Amino acid sequence: FPALESAKSERHTSIDKAVQHLRILIEEIENNIKALQQKQESIVIQTEELVRVRSALQSVTQARGAGDTESANIQVKALLKASNNLENALMKEAETLVVMRKGLYKRMDQMLGEYKIVQTSIVDEELVTWQRAQQIAGVGGTSPGPLNQLQVWCQDLADIIWRCRRQVQQMEHLKSHVPVTNTPDVELDELNVNVNNLLCLLVTRTFILDK
C-alpha cells in the first residue's frame, strides 16, 4: 500500500527531526548551565573579596581607635567605599543569578514538554502500532519488520532524558552551593518530578525492546 508507506515514512521523518531538535535544545541548556556556573563562581569570588575587605576594615578600625591616625582614617574610608561597592555589585549579581535560574527552569520545562510529545509518539503510537502488527502477524498477517528503528529512537530518548535528569541535578547542586534566596524553587522541584516520571514511563513502556 504505497499511500500507507508514504504516511509511515513522513511520520518517521517527523520523529527524526523532533529527536534532533531535542538534542539541540539539550545542548543549549547545557551551555546555559555552564554560563550559570560561571556567574556563580564570579559571585563566590566577589563574596570572598568582600569578606577580606570587611576583615581589613575591622582591623584598621580597631587600630585607628588605638592611635586615631590620619593614615588609618584614609584607609577606613577606602575600605568602606570598597565594601559598599562590593555589596552593591553582589546584590545586582544575585538578582541576575535569580533571573538566569528562572529562565533556565522555564527552558527546561519547555524542553520536557516537547520531549513528552516525542516520547508519546514513539512509545504510545509507533511501538503500539508495531505490537499490534506483530500480533496480527502471529495469526497469518504481514510481519511488521524488525524493531531496529524503534530501538534507535528509544535509545535516543533514553540519552536525552538521562542528560536532562543530570542537568536538573546540576541545577540543584548549583542552587545549594550559592543560595541567593531563602524561598524554595518550586519550579526546580517540579522539574525533578517531571523528569523522573518521564524516565520511569520510558523504562516501563520499552522493556519489550530489551527482550
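Everything that follows concerns the structure shown earlier in this document.
Residues numbered from 1 in each chain as written. Predicted model: local features only at pLDDT ≥ 70, side-chain atom pairs only at ≥ 80, totals over all residues. Heavy atoms only, no water.

### Details of the overall build of the protein
- Scanning the protein from N- to C-terminus turns up four helices and zero strands.
- Each helix and strand of the protein, placed in order from N terminus to C terminus, yields the pattern α-α-α-α.
- Burial status across the protein gives 31% buried among its 211 residues.
- Of the contacts made within the protein by residues no fewer than 6 positions apart, 84% connect residues no fewer than 24 positions apart. (Helix = DSSP H or I, 4+ residues; strand = E, 2+ residues; numbered from the N terminus. Buried < 20%, exposed > 50% of the residue type's maximum accessible area, 1.4 Å probe, protein only. Contact = heavy atoms within 4.5 Å.)

### Observations regarding helix α4 (residues 186-205)
- A rise of 1.5 Å per residue sets the reference length of α4, with its 20 residues, at 28 Å; its end C-alpha atoms lie 29 Å apart and thus fit the reference within 8%.
- Of the positions making up α4, those classed as buried are Leu188, Leu191, Val195, Leu198, Leu199 and Leu202. Buried residues along α4 cover an arc of 100 degrees about the axis, so they all sit on one side. (Expected span 1.5 Å × (residues − 1). Arc of directions from axis to C-beta.)

### Some points on the pattern of salt bridges
- This model, assessed by the stated rule, comprises twelve salt bridges.
- Between Lys39 and Glu93 there is a salt bridge; the shortest N-O distance is 2.9 Å. Note that Lys39 is positioned in helix α1 (residues 2-67) and Glu93 in helix α2 (residues 70-137), a separation of 54 residues in sequence.
- Connected through salt bridges with shared partners, the residues Arg23, Asp156 and Asp159 form a single ionic network. (Salt bridge = Lys/Arg side-chain N within 4 Å of Asp/Glu carboxyl O.)

### A few points about the nonpolar core
- In this structure, Met111, Leu112, Tyr115, Ile122, Ile161 and Met171 are the most contacted members of the largest nonpolar core, which totals 48 residues.
- Going through the elements one at a time, α1, α2, α3 (148-177) and α4 are the ones with two or more residues in this core.
- Sort the elements by how many residues they give to this core and α2 lands first, with 17 residues. (Core = buried A, V, L, I, M, F, W, Y, C linked by side-chain atoms within 4.5 Å.)

### Notes on the environment of Lys116
- Within the secondary structure, Lys116 is located in helix α2.
- For Lys116, a relative accessible area of 51% gives the class exposed.
- A C-alpha to C-alpha distance of 10.0 Å links Lys116 and Leu202, two positions 86 residues apart in sequence.

### Description of the environment of Ser42
- In this structure, Ser42 sits in helix α1.
- The class of Ser42 is partly exposed, set by a relative accessible area of 27%.
- As for Ser42 and Leu90, which are separated by 48 residues in sequence, their C-alpha atoms are 9.5 Å apart.

### Examining the side chain of Asp156
- Of note, Asp156 is situated in helix α3.
- A distance of 2.9 Å separates a polar atom in the side chain of Asp156 from a polar atom in the side chain of Arg23.
- Not counting residues up to four positions away in its chain, the partners in contact with Asp156 are Val19 and Arg23. (Polar contact = N/O pair within 3.5 Å; in protein donor to acceptor, adjacent residues only side chain to side chain.)

### Considerations on the side chain of Asp185
- Among the secondary structure elements, Asp185 is positioned in the loop between α3 and α4.
- Engagement of the side chain of Asp185 in a polar contact is seen with the side chain of Tyr105, the distance being 2.8 Å.
- Excluding its chain neighbours within four sequence positions, the residues that come into contact with Asp185 are Lys102, Tyr105 and Lys175.

### A closer look at the packing of α3 against α4
- One can describe the packing of α3 onto α4 by two numbers: an axis separation of 10 Å at closest approach and a directional angle of 155 degrees. Looking at the two axes, α3 sits roughly antiparallel to α4. The way α3 lies across α4 gives a crossing that is left-handed. Contacts from Cys154, Leu157, Ala158, Ile161, Trp162, Cys164, Arg165, Val168, Met171, Glu172 and Lys175 in α3 reach Leu188, Leu191, Asn192, Val195, Asn196, Leu198, Leu199 and Leu202 in α4.
- Here the residues of the contact of α3 with α4 sort into 14 nonpolar, two polar and three charged. (Axes fitted to C-alpha atoms, helices over the stretch in contact; angles between N-to-C directions. Parallel < 35°, antiparallel > 145°, perpendicular 65-115°, else oblique. Left-handed = near helix turned anticlockwise from the far one by under 90°. Nonpolar A, V, L, I, M, F, W, Y, C, P; charged D, E, K, R; others polar.)

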